[in-house]
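Architecture at a glance
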Amino acid sequence: MSVEIKVPTLGESVTTATIAKWLKQPGDAVKEDEPVVELETDKVSVEVAAPQAGVLGPQAVKEGDEVEVGALLATVEPGKAGAAPAAKAAAPEKKVEAPAAPAAKPAAPAVDSAAALPAARKIMAENGLNAGQVGQGSGLGGRITKGDVLGFLSQPQAAAPAAAPKAARKDDPREERVKMTRLRRTIARRLKEAQNTAAMLTTFNEIDMSGAMALRAEFQDSFVKKHGVKLGYMSIFSRGVIAALKEFPAINAEIDGEDVIYRDFINLGIAVGGPNGLVVPVIRDADKMGFAQIEKTIAGFGKAAREGTLKLDELSGGTFSITNGGIYGSLLSTPILNSPQSGILGMHSIQERPVAVNGQVVIRPMMYVALSYDHRIVDGKEAVSFLVRLKQNVEDPRRLLIDV
């Protein structure tokens, strides 16, 4: 008896995925729980496994197609590997229609159905758009995807009449054109949305890292021996941020329409680099964790990001984010908000610089820090005071232990 393989539930706020790669072809033998297809969502890649052993039947969708949760992917037929089953794919082929004349209404179904995927058609219909307005799609064969429509709607000029088509760019023979991955397109779209939505502003300060470095040097060996993980700067900064957020709760809040949502918990997003781009896994209830637990959680996230095994629920629900460009050598930057969060801290490289201390010029290991925040909800005084408190916490980590 054949068993259907369908798109699984993909996590919070994720309703569609793109067929990234078929790992098995029709007629191939598959084992139970063996991955047969890789899906790419807005956040991570997900492998879908065979529900039973047998032979992979016809594929209902092709690589590059966009699919919704619950959609049929393929079937697993009983039997041994050999010729591919002769049954037709469950998903009917889309009819190719002759180009229709411009319709009186913008959302002419004849135009949309030929050029857009189902999820994209639905959004276009809801917003009175047609395929000609959205333009060339990024899906297989130039079809318009849901991400293409959302990207078009996020542009300020979306409501204006479509401009004359831009002349096709002529590629140089020495250039290579590579289609952006779904994750990269989503990152680009969300960063632009954050800039368009929030009244984003960045304030800076610098931190003398001597105290934090002395703390690590003094307790590193005993910390590793007891907890099995190194004491790093991320846990010191995380605990410093947590203490400062409790003092300035607006930076941990969120705007929802005309309301402000304040929280009595802190979920820290920690930006890490993965093989497909930057991802921000979330340390849930970080305010209840100590240094060791934070270090272990961050180490686990880093390993999972490198291996591409982060889970969808680990990438949602953050209330404040920390990004450390210093590991790549960045001296100063202005991080972009991770919407709908109202604040993000940027850490940078530690460099020895001459500074004035008690009237004397001395050499100290210094780090610039940057706080980008949504000025609609966070006042400049709060943002500056937040960084001053963080500076005090990191320069003298003992403050974190006695809560002052």
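This one's a predicted model, so the numbers in the text were calculated from it and none came from an experiment.

Thoughts on the packing of aromatic side chains
Tallied over the full model, the rule gives 1 aromatic pair. Look at Phe320 and Phe386: their rings are 5.8 Å apart centre to centre, the planes differ by 45°, and that puts the pair in the tilted class. Taken as a pair, Phe320 in strand E16 (residues 320–324) and Phe386 in helix H9 (residues 380–395) lie far apart in primary sequence, 66 residues in all. According to the relative accessible area criterion, Phe320 is buried, its value standing at 0%. The residue whose ring lies beneath Arg353 is Tyr368, and the NZ or CZ to ring-centre distance is 4.1 Å.

Observations concerning the nonpolar core
Membership of the largest hydrophobic core comes to 73 residues, with the highest contact counts inside it found for Phe237, Leu268, Phe320, Leu345 and Phe386. Among the elements that take part in this core, helix H7 (residues 233–247) stands out by supplying 8 residues, more than any other. Ranked by size, the runner-up nonpolar core spans 10 residues in total, among them Ile123, Ala131, Ile144 and Val149.

Side note on unusual backbone geometry
Residue Pro340 is bonded to the preceding Ser339 through a cis peptide linkage, with omega at 10°. For Pro340, the location among the structural elements is in the loop between E16 and strand E17 (343–347). One non-glycine residue, Asp33, adopts positive backbone phi at about 70°. Along the polypeptide, Asp33 turns up in the loop between strand E3 (29–30) and strand E4 (35–40). You can call Asp33 exposed: its relative accessible area is 57%. A positive phi angle, near 55°, is found at Asn358, a position not held by glycine. For Asn358, a relative accessible area of 78% corresponds to the exposed category.

Re helix H4 (residues 146–153)
Listed as buried for H4 are Asp148, Val149, Gly151 and Phe152. End-on, the buried residues of H4 take up no more than an arc of 160°, which puts them together on one face.

Quick look at the sheet that holds strand E2 (residues 16–22)
Across the sheet, which stays open at both edges, the 4 strands sit in the order E5-E4-E2-E7 with antiparallel pairing between neighbours. In this open sheet, the two strands that pair with only one neighbour each are strand E5 (45–49) and strand E7 (66–68). Recorded for the sheet is a direction-independent mean angle of 45° between the axes of neighbouring strands. Looking at chain direction, E2 and E4 are connected through 4 bridges and run antiparallel. Directly across from Lys21, in E4, lies its bridge partner Glu38. Taken strand by strand, helix H5 (residues 182–197) contacts E2, E4 and E7, and its axis lies near 150° from that of E2.

Focus on a nonpolar patch on the surface
Taken together, the side chains of Phe204, Leu331 and Leu332 define a hydrophobic patch exposed on the protein surface, amounting to about 260 Å² of accessible area. Looking at the secondary structure, you find Leu332 in the loop between E16 and E17. Its relative accessible area of 47% is what places Leu332 among the partly exposed residues.

What counts as what
- Residues numbered from 1 in each chain as written.
- Predicted model: local features only at pLDDT ≥ 70, side-chain atom pairs only at ≥ 80, totals over all residues.
- Heavy atoms only, no water.
- Phe/Tyr/Trp six-rings, centres within 6.5 Å; stacked < 30°, edge-to-face > 60°.
- Helix = DSSP H or I, 4+ residues; strand = E, 2+ residues; numbered from the N terminus.
- Buried < 20%, exposed > 50% of the residue type's maximum accessible area, 1.4 Å probe, protein only.
- Lys NZ or Arg CZ within 6 Å of the ring centre and 35° of its normal.
- Core = buried A, V, L, I, M, F, W, Y, C linked by side-chain atoms within 4.5 Å.
- Arc of directions from axis to C-beta.
- Pairing = 2+ DSSP bridges.
- Axes fitted to C-alpha atoms, helices over the stretch in contact; angles between N-to-C directions.
- Contact = heavy atoms within 4.5 Å.
- Patch = residues over 30% accessible without salt bridge, like charges linked within 9 Å, V, L, I, M, F, W, Y side chains within 5 Å.
- Areas by Shrake-Rupley, 256 points an atom, 1.4 Å probe, with all protein chains shown as cover.
- Salt bridge = Lys/Arg side-chain N within 4 Å of Asp/Glu carboxyl O.

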